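Here's the letter readout for the chains.
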Amino acid sequence: MTVPKEYVSHEIEPKWKKAWDMSMYHFDWNETTRPQYIIDTPPPYPTGNFHIGNSLNWCYIDFVARYKRMCGYNVMFPQGWDCHGLPTEVKVEEIHGITKNEVPREEFRQMCRELTRGNIEKMRETMLNLGFSTDWSNEFVTMEPAYYSKTQRSFRKMYDMGRVYQAEHPVNWCPRCETAIAFAEVEYEARGTMLNFLNFDKLKIATTRPELLAACVAVAINPEDDRYNEYVGINMKVPLFGHEVPVIGDREVDPAFGTGVVMICTFGDKQDVRWWMEHDLPLRKSIDRNGLMTSIAGKYEGMAIPECKDAIIEDLRAEGYLLEQKTLDQNVGMCWRCDTPIEILSERQWFAKIDTDAVSKAADEVMWLPPYMKVRLNNWIGTMEWDWCISRQRLFATPIPVWYCKDCDEVLVAKEEWMPIDPTRQQPPEACGCGCTEFEAEEDVLDTWMDSSITALHVSGWLSDHDMKLPTQLRPQGHDIIRTWAFYTILRSMALTGKRPWDSILINGMVLGEDGHKMSKSLGNVISPEEVIKDYSADSFRQWAAIGGSPGSDVMFRWKDVVSASRFFTKAWSIYRFAMSHLEDYEHTDMEVSELKVVDRWLLSNLNRLILSVTDSMDAYQFDEVFKAIRGFTWDVLADNYIELIKSRLYGDDETAKKAAKYTLFVTMDSLARLLAPFAPFFSEEMFSRIGERSVHLQAWPVSREELIDPDIEKSGDFIKEVASNVRRYKSEKGMALNTSLEKIEIYGTTMDTSDLAGVTNSPIEMIEGEPDFEHVPVNVKPNMGKIGPLFRGKAKAIIDALLDENPKKIADGISKGKIVITVDGEPVELEPDYVEVEKEVVSAGRSVDVLDVCGVPVVIVR
RNA sequence: GGGCCCGUGGUCUAGCCGGUUAUGACAUCGCCUUUACACGGCGGGGGUCAUGAGUUCGAAUCUCAUCGGGCCCA
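Note that this is a predicted model, so its numbers are computed, not measured.

Let's shift gears to the protein's contact with RNA strand B. The immediate surroundings of RNA strand B are formed by 41 residues, with Asn331, Arg483, Trp635, Tyr651 and Lys782 found nearest. The contact atoms of RNA strand B, taken as those within 4 Å of the protein, divide so that sugar and phosphate hold 51%. The separation between a sugar or linking oxygen of RNA strand B and a polar side-chain atom of Arg558 is 2.7 Å. Between RNA strand B and Ala639, the relevant distance is 3.1 Å, taken from a base nitrogen to a main-chain nitrogen or oxygen of the residue. Mapped by element, the contributors of at least two residues to the surface near RNA strand B are α9 (373-381), α15 (559-581), α17 (623-650), α20 (711-733), β28 (775-783), α22 (785-792) and α23 (796-805). Per-element accounting of the surface near RNA strand B gives the leading share, eight residues, to α15. Residues belonging to the surface near RNA strand B are distributed by class as follows: 15 nonpolar, ten polar and 16 charged.

See below:
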């Protein structure tokens with residue numbers, strides 16, 4: 001059993017990647033004993049690049065999945081791919097040098113599928129390189145019939161429940177993408193614009209959108225505004241266009257904005273929609289689906305919006321309607337895909353009903369980590385005004401399974417047993433109720449969120465041969481998609497099953513570049529996980545993910561964290577190599593505590609305490625705390641102290657004492673391999689391969705042996721460690737080599753097993769009862785604020801002052817007598833001995849020695 | 001304009017249901033090849049805990065205000 005001197009991650013990681021049988025990570029659908037732990041993994045968009053933000057999130061998921069498996073859960077860590085969407089359409093157009101309307105619909109969709117398959121392949125490779133314990137037997141691809149038929153069936157089910165309906169309603173519209181979009185897809189950007197003051201017949205109005213004059217349907221004022229309320233009810237002529245519109249009163253009008261008079265258009269913004277619905281105003285569509293002016297715009301018909309705006313302002317000015325222009329800061333709603341300002345158009349679209357109460361109630365049943373992230377969902381819920389527009393005018397998406405009868409216009413929604421189906425390619429197998437067999441296919445497709453909002457249902461066996469396992473146990477996702485993915489998933493799960501989708505939701509932060517800004521191509525601060533693996537290792541990357549920050553907070557990527565991670569593995573390897581060199585002929589059997597030395601019991605006490613705290617932190621998803629604790633134990637306790645202390649035993653002749661050290665080393669190596677397994681799957685596997693049978697990833701998580709946690713032993717061990725460390729420092733300060741043999745080390749007033757100490761200091765140790773012939777001179781008094789404060793409250797300060805004024809020697813005498821008496825404001829006050837601590841200085845009395853004070857115990861070094 | 005999070009040595013951070021001397025990492029300086037490791041060991045320097053006020057015997061910690069940063073939304 002030779003252990004190579006160096007840990008070469010570039011050989012070991014590929015070795016295990018190749019050797020692992022990934023079926024060990026498969027979920028057992030027929031399990032009856034182990035509890036289920038299903039993860040509703042986010043399906044990434046297959047861009048072909050599994051980026052660092054994905055990687056951070058997946059590291060968190062993998063830590064949990066591996067930990068839960070080791071704890072005896074039947075874990076499903078599935079992998080999905082959210083394929084549909086505009087970016088792929090754009091990419092396909094770019095690659096093939098076409099526009100989507102130049103080729104037949106199906107051919108274009110085929111090109112999109114091919115591109116997507118290749119991209120998925122690339123991303124899978126990165127995921128394997130990062131060592132994720134993905135359950136590939138439960139992979140899903142939303143563009144494949146097996147998945148999108150579920151999307152279509154969910155559409156039909158919700159249609160039957162009356163939760164999906166078609167209607168003409170205002171929608172957010174992207175003129176560039178030529179499609180309706182949902183509020184969740186609208187992003188706001190601060191832009192400067194002109195506020196135009198117009199002479200509007202009898203009143204002056206202020207508007208930022210003069211190009212919508214043709215769509216003006218009313219003028220509104222605040223009914224409490226004395227300047228104008230007499231005008232309510234009369235009609236006014238719209239400048240340039242001449243049609244008459246009524247003046248209405250509405251409290252929402254801000255008298256302080258502009259002139260206090262606004263025009264209502266169909267539609268300039270969301271507020272217009274509210275007024276339009278509330279006051280039952282007519283509809284005037286002045287903008288078409290391409291963002292061009294319609295016929296009601298008269299001579300401006302066919303102009304693009306900015307062009308029309310310029311022309312109308314010119315004409316208003318020429319005809320004397322334009323009174324004034326002021327600059328105004330304004331937030332403009334933009335399409336999140338293409339940054340084009342959106343318009344609100346009235347369109348015949350499909351909608352899903354939003355039941356905010358049901359979503360809110362279900363969200364309360366879910367444990368949010370960190371908890372304040374739920375606030376974001378609730379804030380979003382509070383702003384919902386319209387239902388969710390689920391139809392899109394695109395190609396690469398799940399087809400809406402609907403036809404319209406050519407004779408009677410009746411809507412025919414496909415039956416579930418017909419799915420998957422593309423209505424543009426297949427006719428319904430039944431005639432319309434009116435007897436007609438000629439149908440017009442619905443060409444619109446579904447919003448991609450309609451696919452991805454049923455992942456929780458899909459992975460838990462919905463509409464499959466398996467038993468339904470909803471709710472899943474964990475939803476891991478970023479805080480940027482709470483208003484979309486989290487919201488829609490809860491909505492759909494409640495609508496379709498009446499159950500919450502998950503027990504808990506773990507929110508990860510965004511990854512920031514080394515400059516502290518969000519990683520983006522334009523800032524040039526993008527780092528790919530593959531780069532990190534190449535320069536360091538996958539395990540080092542994973543350690544950065546664990547230790548870089550706590551879940552929920554944004555995490556900065558720093559190369560130096562990766563460097564220190566890889567140094568930790570070097571150190572751990574060195575420890576492992578040392579341990580294994582002494583365990584060559586070791587056969588593991590249980591040992592009684594009585595057979596162990598103090599130092600062994602000290603280490604085991606610390607190890608079991610570590611297991612306890614690490615388990616708690618894992619349960620709380622505090623991976624940074626977990627790894628810091630493991631690192632601290634390994635480096636400080638095990639390497640810097642324990643190993644140094646036992647060397648003399650390991651190299652000595654006392655076989656019993658040697659065996660105790662070997663036993664302790666073995667147990668520690670075995671536990672460490674298991675504790676590291678969720679974080680460093682490759683390194684821990686390499687470690688474990690020389691310790692135990694089969695993969696470390698099939699082993700149980702260590703259980704703390706609490707009977708080995710012993711505060712007294714820890715105290716004794718700490719003392720030995722402190723003596724060793726003080727002697728080391730002493731030698732260092734005196735310029736002595738570390739292995740210099742001192743004539744004698746005397747320790748006073750305590751008894752203990754000194755064999756390891758003699759070994760590590762390479763010097764004889766003598767325990768001497770009583771005090772040394774030196775004087776302990778009390779020099780300083782330290783009041784114990786934690787005790788004095790609460791007891792004496794307002795008097796505390798006076799007591800502390802009195803204590804500090806008093807001669808330290810007198811206080812020390814008081815302590816030895818069991819009672820301290822001091823005078824405060826002329827009154828005697830009694831204090832218990834533990835209310836103060838006295839610092840003492842040891843004064844030498846004639847011997848040529850050095851005296852160290854270790855935890856209050858005099859240690860005398862005879863040179 | 002509203003909501004949420006956050007300001008701790010040069011950098012990043014722990015502590016934050018109040019208690020003495022504020023944690024660790026990286027960086028920096030000095031010393032050391034001791035049979036696991038120089039990708040190591042030992043030791044040192046460096047912080048008025050953003051600012052101001054309040055509560056309290058006592059505040060990095062609680063309250064308020066101000067300034068600054070980030071995110072989500074209108």
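The subject of this paragraph is the side chain of Gln79. Mapped onto the secondary structure, Gln79 falls in the loop between β2 (74-76) and β3 (80-81). Within the local environment of Gln79, its side chain forms a polar contact with the side chain of Trp58, the two groups lying 2.9 Å apart. For Gln79, the contacting residues outside a window of four places in its chain are Thr41, Pro42, Pro44, Trp58, Met127, Thr134, Asp135, Trp136, Asn138, Glu139 and Phe140.

Looking now at the packing of α9 against helix α12 (residues 482-497). Between α9 and α12, whose axes approach to 10 Å, the crossing angle comes to 80°. In terms of axis orientation, α9 runs roughly perpendicular to α12. Note on element contacts: α12 touches α9 through Ile482, Arg483, Phe487 and Ile490, opposite Met373, Arg376, Leu377, Trp380 and Ile381.

Moving on to unusual backbone geometry. Of all residues except glycine, most have a negative phi; of all peptide bonds, most are trans. Cis rather than trans, the peptide bond between Thr266 and Phe267 has omega equal to -5°. Secondary-structure assignment places Phe267 in the loop between β12 (261-265) and α6 (270-278). In this model, Met419 is joined to Pro420 through a cis peptide bond whose omega is 5°. Here Pro420 is to be found in the loop between β19 (411-413) and β20 (439-441). With phi around 70°, Leu240 is a residue other than glycine that occupies positive phi space. Of the residues examined, Leu240 reaches a relative accessible area of 28% and is grouped as partly exposed. With a phi angle near 55°, Asn762 is a residue other than glycine that sits in the positive phi range. Residue position: Asn762 is located in the loop between α21 (755-761) and β27 (765-768).

The next thing to look at is the layout of surface pockets. There is about 1300 Å³ of room inside the second largest pocket. Every residue lining the second largest pocket is counted, 47 residues in all, and those nearest its centre are Thr208, Arg209, Gly268, Asp269 and Gln330. Elements supplying a minimum of two residues to the lining of the second largest pocket: β7 (186-200), β8 (203-207), β12, α6, α7 (305-318), β13 (322-335) and β14 (343-352). In terms of residue class, the lining of the second largest pocket is made up of 22 nonpolar, 13 polar and twelve charged.

The final tally for this structure, using the stated rule, is four cavities of 30 Å³ or more. Lining the largest cavity are 17 residues, with Ala182, Phe183, Asp387, Trp388 and Cys389 positioned closest to its centre. Contributions of two or more residues to the lining of the largest cavity are made by β5 (164-174), β16 (388-389) and α12. At three residues, β5 tops the list of elements feeding residues into the lining of the largest cavity. Around the second largest cavity, the lining residues are Gly85, Leu86, Arg392, Arg394, Phe396, Ala397, Leu446, Asp447 and Thr448.

A few words on the pattern of salt bridges. One pass over the full model with this rule turns up 46 salt bridges. In this structure, Glu416 and Arg153 form a salt bridge, with 2.7 Å as the shortest nitrogen-oxygen distance. With Glu416 in the loop between β19 and β20 and Arg153 in helix α5 (residues 145-160), this pair connects stretches of sequence that are 263 residues apart. Note that Lys299 is salt-bridged to Asp315, the shortest N-O span being 3.0 Å. With Lys299 in the loop between α6 and α7 and Asp315 in helix α7, this pair connects stretches of sequence that are 16 residues apart. Salt bridges here are not isolated pairs; linked through shared partners, they connect Glu106, Arg109, Arg113 and Arg425.

This paragraph deals with the pairing of strand β11 (residues 244-249). Bridge count between strand β9 (residues 216-221) and β11: three bridges; the pairing is parallel. When the bridges of β11 are listed, Val219 appears paired with Val247. Sheet topology note: the strand β10 (residues 235-237)/β11 ladder contains three bridges and is antiparallel. Counterpart to Met236 in the pairing with β11 is Val245. Hairpin remark: β10 followed by β11, antiparallel, with six residues in the connecting loop; positive phi at Leu240, about 70°.

A separate point is the environment of Glu644. As for its position among the elements, Glu644 is in helix α17. The residues touching Glu644, leaving out its near neighbours within four places in the chain, are Ala639 and Val760.

Let's shift gears to the pairing of β5. As defined by bridge partners, β5 adjoins β14 across ten bridges and the pair is classed as antiparallel. Bridge pairing in β14 links Glu168 to Arg348. Pairing of β5 with strand β6 (residues 179-181) involves three bridges; the strand directions are antiparallel. Bridging across to β6, Asn172 finds its partner in Ile181.

Conventions used here
- Residues numbered from 1 in each chain as written.
- Chains lettered and ligands numbered in written order.
- Predicted model: local features only at pLDDT ≥ 70, side-chain atom pairs only at ≥ 80, totals over all residues.
- Heavy atoms only, no water.
- Near = heavy atom within 4 Å.
- Polar contact = N/O pair within 3.5 Å; in protein donor to acceptor, adjacent residues only side chain to side chain.
- Helix = DSSP H or I, 4+ residues; strand = E, 2+ residues; numbered from the N terminus.
- Nonpolar A, V, L, I, M, F, W, Y, C, P; charged D, E, K, R; others polar.
- Contact = heavy atoms within 4.5 Å.
- Axes fitted to C-alpha atoms, helices over the stretch in contact; angles between N-to-C directions.
- Parallel < 35°, antiparallel > 145°, perpendicular 65-115°, else oblique.
- Buried < 20%, exposed > 50% of the residue type's maximum accessible area, 1.4 Å probe, protein only.
- 1 Å grid on protein atoms, 1.4 Å probe; cavity = no way out; pocket = protein on both sides within 12 Å on 5 of 7 lines; lining within 4 Å.
- Points joined across faces, edges and corners; volume = space filled by probe spheres on them.
- Salt bridge = Lys/Arg side-chain N within 4 Å of Asp/Glu carboxyl O.
- Pairing = 2+ DSSP bridges.

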